[in-house]
Amino acid sequence: MRKYILEGIGWVGAVFALLAFSLNSLNFISSQSFQYLGMQIFGCSLMALYAASKKAHASWVLNAIFLLIAVIALVRVYIVQS
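So, here is what we can say about the structure in this document. The structure displayed is predicted, hence computed values, not measured ones.

## So, the overall build of the protein
Scanning the protein from terminus to terminus reveals 3 helices and 0 strands. Taken from N to C terminus, the helices and strands of the protein fall in the order α-α-α. Overall size of the protein, expressed as C-alpha extent along the three principal axes, is 45 × 20 × 20 Å. For the protein, buried positions account for 26% of its 82 residues. When contacts within the protein are restricted to residue pairs at least 6 apart in sequence, those whose partners lie at least 24 apart make up 52%. Summed over its atoms, the accessible surface of the protein is roughly 5,700 Å², and 73% of this surface lies on carbon and sulfur atoms.

Given below as structure tokens:
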């Protein structure tokens, strides 16, 4: 059962990251919007969790880096808008 839950977590993360990228690429949302960055943070978090559970080191490190970049960008957006 745990395997299927982790698999679902990975897929949900992938869908969120891909949706954020697609909406940005099609100019529906900005790369500096809370929606985009929130979807990226959520998606990358889930994909990093899934990759770590599979011991896929390269994948979880890559997603952790994307996550860190998205968090930094979100903080910068929040500071600029305050």
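Don't stop here, the text continues.
## Quick word on a nonpolar patch on the surface
Residues Trp60, Val61, Leu62, Ile65, Phe66 and Ile69 make up a contiguous nonpolar surface patch of roughly 540 Å² in combined accessible area. On the secondary structure map, Ile69 appears in helix H3 (residues 57-81).

## Details of the nonpolar core
If you look at the biggest cluster of nonpolar residues, it comprises 9 residues: Ala20, Ile29, Tyr36, Leu37, Met39, Ile41, Ala70, Ala73 and Val77. Non-local contacts of Ile41, meaning those with residues more than four positions away in its chain, are made with Leu67, Ala70, Val71 and Leu74.

Procedures and definitions
- Residues numbered from 1 in each chain as written.
- Predicted model: local features only at pLDDT ≥ 70, side-chain atom pairs only at ≥ 80, totals over all residues.
- Heavy atoms only, no water.
- Helix = DSSP H or I, 4+ residues; strand = E, 2+ residues; numbered from the N terminus.
- Buried < 20%, exposed > 50% of the residue type's maximum accessible area, 1.4 Å probe, protein only.
- Contact = heavy atoms within 4.5 Å.
- Areas by Shrake-Rupley, 256 points an atom, 1.4 Å probe, with all protein chains shown as cover.
- Patch = residues over 30% accessible without salt bridge, like charges linked within 9 Å, V, L, I, M, F, W, Y side chains within 5 Å.
- Salt bridge = Lys/Arg side-chain N within 4 Å of Asp/Glu carboxyl O.
- Core = buried A, V, L, I, M, F, W, Y, C linked by side-chain atoms within 4.5 Å.

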